[in-house]
Amino acid sequence: MQVSLFYILALKLYNSAMPKLHLMRWTVLLILALGLLPGQTGSAQQPAALILLTPGEGSLVTSPIHLSAEIHASPQGVLRLALVDQGGRDISRQLWQITEITPGTAVETIIPYEIPSDSAEALLTLSLLDAKGRPISVRSVPLTLQSSGEARLKESLSTDPWLTFIRPVLHETITGGMLVIEGSLTPVTDSPMFFELVTFSGKTIITKQLPVTNPGIQTIVEVSLPYSIQSLEEDVRLVVRQVRYPFGVTAILDSMLLNLAP
């Protein structure tokens, strides 16, 4: 996490420096800036609220699929599993009500399925929702389904955070009608990133899209979300997500709880 923050700050300093700024002077500025870096930084979840362990991306599977995951959150809500085809239609779906979970809890299940052909491309998604139905975290893997044959499983990719916030920080109270987001993210596809504010009642009060040009590459982001609320204070989730095509469903998502004030 610290490495990502240093990288972001270094690039900002470099981009704002005068073209003829002496290298030694720039180095001194960077060292001073790192020394002033706040001890507390934001993150969608540290560690990620949801980690999908198996099957890994690109696995060749047969029915039933054996799934394992870890939950690093303690919500009351719902854990939802969906296996969808390239048209976004459900092949299989499971739902678990969560009453109490200890962070780090392991989840294992089997997913039976039937397909009309010898093989089919599908997306397996695992979603963690809070008690109000707001998404906390989503993870997914594209798979090749077989009606028969031998499974060939691949290992999961790195579980390093794909999303890191410099600001805001968890539970921060935002005022003035504008939420400024700064940090870095690594898009999983070339589809746009969505930044949303979702209220306690589940209403989305603002959505902004950010185009993606370099999927798989860490990108520095700065996004401003204007908002307007009537209450003195509003509990919201800042949601950052990306859709994977041709499946047309959210492939990756993380969120952060904030408070909005006028």
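Summarised in this report is the structure supplied together with it. Note that this is a predicted model, so its numbers are computed, not measured.

Conventions we followed
- Residues numbered from 1 in each chain as written.
- Predicted model: local features only at pLDDT ≥ 70, side-chain atom pairs only at ≥ 80, totals over all residues.
- Heavy atoms only, no water.
- Helix = DSSP H or I, 4+ residues; strand = E, 2+ residues; numbered from the N terminus.
- Buried < 20%, exposed > 50% of the residue type's maximum accessible area, 1.4 Å probe, protein only.
- Areas by Shrake-Rupley, 256 points an atom, 1.4 Å probe, with all protein chains shown as cover.
- Pairing = 2+ DSSP bridges.
- Axes fitted to C-alpha atoms, helices over the stretch in contact; angles between N-to-C directions.
- Core = buried A, V, L, I, M, F, W, Y, C linked by side-chain atoms within 4.5 Å.

1. Quick look at the overall build of the protein chain
No. 1: Scanning the protein chain for helices and strands turns up 2 helices and 16 strands.
No. 2: Considering the protein chain as a whole, with its 262 residues, one finds that 45% of them fall into the buried category.
No. 3: Accessible surface for the protein chain amounts to roughly 13900 Å². Of this, 55% is attributable to carbon and sulfur atoms.

2. Topic: the side chain of T62
No. 1: Relative to the helices and strands, T62 resides in strand β2 (residues 60-62).
No. 2: A residue is classified by how much of its surface remains accessible, and T62, at 19% relative accessible area, is buried.

3. Quick word on the sheet that holds strand β6 (residues 105-111)
No. 1: Strand order in the open sheet formed by 3 strands is β1-β3-β6, with antiparallel pairing between adjacent strands. In this open sheet, the two edge strands, each paired with only one partner strand, are β1 (50-54) and β6. Each strand axis lies, on average, 25° off the axis of its neighbour in the sheet, ignoring direction.
No. 2: In the sheet, β1 pairs with strand β3 (residues 65-71) via 4 bridges, with the strands oriented antiparallel. Its bridge partner lying in β3, L52 is registered against A69.

4. Remarks on the nonpolar core
No. 1: Residues I65, I71, L79, L124, L128 and L145 are the most contacted members of the largest nonpolar core, which totals 26 residues.
No. 2: Those elements that place two or more of their residues in this core are β1, β3, β4 (77-84), β6, β7 (119-129) and β8 (135-146).

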